[in-house]
Amino acid sequence: MSTVRKSYFGCAGLLTERDARNLRIFNTWMMGTLVLWAGTTILIERHVIVWPIGWGLTLASFIACLRTTQAYIRFMRDSDELLRKIQLEGLAFAFAGGVVFMLIWRLCERLGAPKLDCDDPFLVMMLCWALGQYLGTRRYASTEP
Amino acid sequence: MENRLRVLRAERRWSQADLADRLSVSRQTVNAIETGKYDPSLPLAFSIARVFELKIEDVFSPNGTS
């Protein structure tokens with residue numbers, strides 16, 4: 001099980017071959033799911049498709065989400081223990097960032113700030129997740145090759 | 001927790017990547033353990049001791065007692 005040279009948040013040697021393979025599978029599912037979800041959203045909002053196809057695409061998006069989740073769980077379970085720790089800290093960042101953002105923005109809305117869609121906190125969570133992974137990588141791993 | 005990983009590895013002329021391969025972990029995990037940034041799990045600590053053919057207490061020790 002050799003370490004691959006692929007860079008992870010600017011850090012080489014953090015991914016084993018198995019981790020790189022699982023991460024590649026997860027990334028593929030995540031990108032596919034995002035494209036399917038965004039395409040479905042656009043088609044439904046513009047009334048391009050009739051409702052049975054809309055429900056079909058929504059079901060396909062749901063299944064793709066489940067497969068993405070499954071791929072991420074497999075990546076986490078099989079991953080190298082340092083990488084798993086970095087991922088867990090990233091998830092903690094995402095959870096905390098999402099909760100704090102939702103609670104505080106709810107107060108801001110009452111003070112006149114614009115109302116958010118339910119998927120806006122999701123974006124904050126994704127950004128916090130990425131930031132948490134970046135900080136974890138910087139904290140535990142050497143960025144020297 | 002302190003460890004003698006770097007010394008033991010140097011005695012055997014193994015690179016971090018060599019040791020990582022023997023342990024089935026990433027090179028960065030070995031680096032993080034050596035530099036004290038990360039304490040390994042118990043199974044990994046036992047694996048490290050086994051790779052060096054030593055007892056676990058010969059590789060790891062609590063802070064200040066090695």
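As a starting point, this report considers the structure included with it.

Thresholds applied
Residues numbered from 1 in each chain as written. Chains lettered and ligands numbered in written order. Predicted model: local features only at pLDDT ≥ 70, side-chain atom pairs only at ≥ 80, totals over all residues. Helix = DSSP H or I, 4+ residues; strand = E, 2+ residues; numbered from the N terminus. Rg over C-alpha atoms; globule rule 2.2 N^0.38 Å. Buried ≥ 20, exposed ≤ 12 C-beta atoms within 10 Å, placed from the backbone. Contact = placed C-beta atoms within 7 Å. Core = buried A, V, L, I, M, F, W, Y, C linked by C-beta atoms within 7 Å.

### Thoughts on the overall build of chain A
Then, in step 1: Regarding its fold elements, chain A presents 4 helices and 2 strands.
Then, in step 2: Seen in sequence order, chain A has helices and strands lined up from the N terminus as β-β-α-α-α-α.
Then, in step 3: Scaling as 2.2 N^0.38, a compact globule of 145 residues should have a C-alpha radius of gyration of about 15 Å, whereas chain A reaches 18 Å, well beyond that.
Then, in step 4: Principal axes of the C-alpha set define a box for chain A whose edges measure 50 × 40 × 20 Å.
Then, in step 5: Each of the 145 residues in chain A was classed as buried or not, and the buried ones make up 21%.
Then, in step 6: Residue pairs in contact within chain A that sit at least 24 positions apart in sequence constitute 68% of those at least 6 positions apart.

### Quick word on the nonpolar core
Then, in step 1: Core analysis: the biggest nonpolar cluster contains 21 residues, and A:Leu14, A:Leu82, A:Tyr140 and B:Ala32 have the highest contact counts within it.
Then, in step 2: Taken together, the elements giving at least two residues each to this core come down to helix H3 (81-110) of chain A together with helix H2 (16-23) and helix H3 (27-34) of chain B.
Then, in step 3: Filtering out sequence-adjacent residues up to four positions away, A:Leu82 remains in contact with A:Tyr140, B:Ser26, B:Gln28, B:Thr29, B:Ala32 and B:Tyr38.

### Let's talk about unusual backbone geometry
All names here are of chain B.
Then, in step 1: Even without being a glycine, arginine 13 presents a positive backbone phi close to 60°.
Then, in step 2: Summarising the element assignment, arginine 13 is placed in the loop between helix H1 (5-11) and H2.
Then, in step 3: In this structure arginine 13 comes out as exposed when scored by C-beta crowding, with 7 C-beta atoms within 10 Å.
Then, in step 4: Backbone geometry places serine 24, a non-glycine residue, at a positive phi of 60°.
Then, in step 5: Structurally, serine 24 can be placed in the loop between H2 and H3.
Then, in step 6: The exposure class assigned to serine 24 is partly exposed, which follows from the 14 C-beta atoms found within 10 Å.

None of the figures reported here should be taken as evidence of function without further support.
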